[in-house]
Amino acid sequence: MAENKLQSLSQIFNESFFRIPDFQRGYSWEERQLEDFWEDLELLNENSTHYTGVISVKSVIPSDVSKFDTWQEDIWLFDGGFKAYYIIDGQQRVTTSIILINEILNRVEDEYFCAKKKSDWVDKFLYRAYKNANTSYMFGYEKDNPSYEFFKTKVLNQTSMSAKNEAETTLYTKNLEFAKKFFQEKLANLDDAALAVYFKKLVNSFKFNFYEMENELDVCVAFETMNNRGKSLSNLELLKNRLVYLSTLVEDKKESGALRKEVNEVWKTIYRAMGFNNNKKFNEDNFLRDHWIVYYDFVKNKDNAVVDFLLKQTYTSKNLIDGKIKVGDIREYIECLQRMVDLWIMIKNPSIATYKPETVEWLKKIDRLSVAFFTPLLMVIMSKYDEDEFLPILKKIERFSFLIFKISLRRADACNSIFYRVAHTLFLGEGDLEYVERILKENEYLINLKAFQDHIDDKFRKGRGFFDWNTLRYFLYEYELHLQQQVKGENKVTWEELEKRSELARSVEHIYPQTPTDGSWKKAVNERVNNDPKKINRVLNSIGNLVLLRSEKNSQVSNHPFEYKKKYMNANGILNGYFNGSYSELEVAEYNNWTIDEIHDRGVKMLQFIEDRWNINLAQSGFNIERILGLNFDEKERKSKADKEPFSFCDDDEDFCADDEESLDS
């Protein structure tokens, strides 16, 4: 029978050492799980115990691993009477405990700690040397795991002869690094006495249900079916485990070992790709889903379709035994995963793409629009064609995304199944780029510019009009690039800088200010609309009154007169203002005055920019610029009496007066 008993870490690590097997995921705990762990430790009374969870292990037989290169440094431990175990369940808790033990011992200054030499605790929980020749670790990853070197060098601060692997970063190693820093901060202000209290509670009072599995029970199956505590396994992790398990069922042991090694190498590549960027987190299950759409086609409106297809219908032991899937099928599938992951990462983070600047810029535009269902299609296109061939398609996809989802405001999943099938068809070699272009064209029937007019009207009724349009920053940035191209200038503002200013108000300014305390503003706008709050809101949040800023401006400056905002001296004696800002600010600085008339004229110019930039005839598409601006008044009267009479709106912001509509049409 399997052994099952409640033990502390001091008992569990008694003449024993532990390894995380290759089918296990890496360290996945994040701040929430770490906070829970620390709170349990902090609140625990010194004389009490705390049930921490299950640690399921399988013993490692020395004869089974003695020939493996990955175990050579540890053979001497077997000879010294140590037992070795694979951790099947509970590695997150054990890893967290070892990281905390290491950080506590690093802070202890005395040679003796908790009734033992500090070095004895290091030998027990962390590592010990053999004749000054090599170091064996009491807990860690198998040697070919990318987390092995990281845990050894970055977490335990040990030296390594393998410099290449030492710098390897994955999603899991990032979590390891975060946990180390998390505990460093928690322990920073504790003296040795307080450290001793935490240490004793951790190694003696935290109790684990230590469960030693029977050797004949297949640990891969056990791992997959266990209730994983702390954080659920991802689909990608479950798939890896399943494929490792299937490799053990291959009768040819040489082929079995080769397949298992290939699975591990592919997943190592995937996690390395997922973890390279410290500033952006990628969802590995989204990658698996996008690849599944490419490789196997898309099943619409079915929950858990990816898991059901891959784990319940395709990669099953029955299918392998019955010959419905072969080793070659598995190998072909994982090789495709490996090829596609770098492309997927480029699509999600185009700044690392190795293409020409123009291609990278269009990938960035698509990424900014966040129409995720084009990702599978992009993966296939980028895998099959040179960038000179697929660049025109990138431009068409950006246009489609903007007009359909940001202007026509279609649902995020509108026509997604169509383009999923296009991706799969192209992957099979049954289509080409002309086919993709034709499908894009056929679905332009979804363009509905009247929906945008209704949407902005609704935004004015409920709030801040154009300022509340969720694509405003993208539109203003594209307008900025347009102005830059006109003068063939250098970048004055980058999208990355705009993203760092998380709040829209830090990137976009109301030229006519939100709190117009100066008399000149009241004369230019407020008095012309008889101080009507609804009409003031319409002017304030009209697209022509919004400007993309090169850098954040002092909020007090925004309320000053227009001439001051164009050019003023700041507290450091440096000239500032629109005159030396973004290209959009430079355009505004060219105006002599800033009244409703200028706001209207600039708004018309900006909306007409849509025609050229996204190649669409607004008038033919039923788009009325005057209506969406809401500054609807007789044009002849505006030109002749703008400086003499107050501006006149229709009584209802939502619709045109009949006379106004006729005069505009004429």
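S.K.: Can you lay out the pattern of salt bridges for me, pointing to particular residues and giving the numbers?
M.R.: Tallied over the entire structure, the rule returns 34 salt bridges. Linking Lys365 and Glu361 is a salt bridge whose minimum nitrogen-to-oxygen distance equals 3.8 Å. Here Lys365 pairs with Glu361, and both are found in helix α18 (residues 357-369), just four residues apart, close to one helical turn. Classification of Lys365 by relative accessible area gives buried; the value is 5%. We classify Glu361 as partly exposed; its relative accessible area is 24%. Each of the salt bridges in this network shares a partner with another, and the network as a whole consists of Glu361, Lys365, Arg368, Glu398, Glu478 and Arg613.

S.K.: Outline the confidence of the model for the chain, supporting the account with residue identities and numerical values.
M.R.: Per-residue confidence for the chain gives a mean pLDDT of 86, with 88% of residues at or over 70. Segment residues 163-167: pLDDT under 50, and six contacts once partners within four positions in sequence are set aside and those in other chains are kept. Note that residues 633-666 has pLDDT below 50 and, in this model, 50 contacts with residues that lie over four places away or in other chains.

S.K.: If you had to explain unusual backbone geometry to someone new, which residues and values would you point to?
M.R.: Most peptide bonds take the trans form, and the phi angle of most residues other than glycine is negative. Phi angles above zero are rare outside glycine, and Cys114 is one such case at about 55°. Within the element layout of this structure, Cys114 appears in the loop between β5 (112-113) and β6 (116-117). Look at Ala115: it is not a glycine, yet its phi comes out positive at around 70°.

S.K.: Which residues make up the packing of aromatic side chains, and what values go with them?
M.R.: With the rule as written, the count across this model stands at 59 aromatic pairs. Seen in terms of ring centroids, Tyr474 and Trp495 are 6.3 Å apart; in terms of plane orientation they differ by 75°. Their pairing is edge-to-face. With Tyr474 in helix α24 (residues 472-487) and Trp495 in helix α25 (residues 495-500), this pair connects stretches of sequence that are 21 residues apart. Like Trp495, Tyr474 is buried.

S.K.: I'd like to hear about empty space enclosed by the protein, residue by residue, with values.
M.R.: Here the idea is plain: a probe the size of a water molecule rolls over the atoms and shows the empty space left. The final tally for this structure, using the stated rule, is seven cavities of 30 Å³ or more. Reported here for the largest cavity is a volume of approximately 170 Å³. Around the largest cavity sit 17 residues that line it, and Asp22, Asn145, Pro146, Lys240 and Asn264 are the ones nearest its centre. Of all the secondary structure elements, the ones that give two or more residues to the lining of the largest cavity are α7 (146-155) and α13 (253-274). It is α13 that contributes the most residues to the lining of the largest cavity, five residues altogether. Of the residues in the lining of the largest cavity, the class split is four nonpolar, six polar and seven charged. Taken as a whole, the second largest cavity holds about 90 Å³ of empty space. The wall of the second largest cavity is formed by Arg19, Thr70, Trp71, Glu73, Asp74, Thr135, Tyr137, Tyr141, Glu142, Lys143 and Tyr148. In terms of residue class, the lining of the second largest cavity is made up of four nonpolar, two polar and five charged.

Calculation rules
- Residues numbered from 1 in each chain as written.
- Predicted model: local features only at pLDDT ≥ 70, side-chain atom pairs only at ≥ 80, totals over all residues.
- Heavy atoms only, no water.
- Salt bridge = Lys/Arg side-chain N within 4 Å of Asp/Glu carboxyl O.
- Helix = DSSP H or I, 4+ residues; strand = E, 2+ residues; numbered from the N terminus.
- Buried < 20%, exposed > 50% of the residue type's maximum accessible area, 1.4 Å probe, protein only.
- pLDDT = per-residue confidence, 0-100.
- Contact = heavy atoms within 4.5 Å.
- Phe/Tyr/Trp six-rings, centres within 6.5 Å; stacked < 30°, edge-to-face > 60°.
- 1 Å grid on protein atoms, 1.4 Å probe; cavity = no way out; pocket = protein on both sides within 12 Å on 5 of 7 lines; lining within 4 Å.
- Points joined across faces, edges and corners; volume = space filled by probe spheres on them.
- Nonpolar A, V, L, I, M, F, W, Y, C, P; charged D, E, K, R; others polar.

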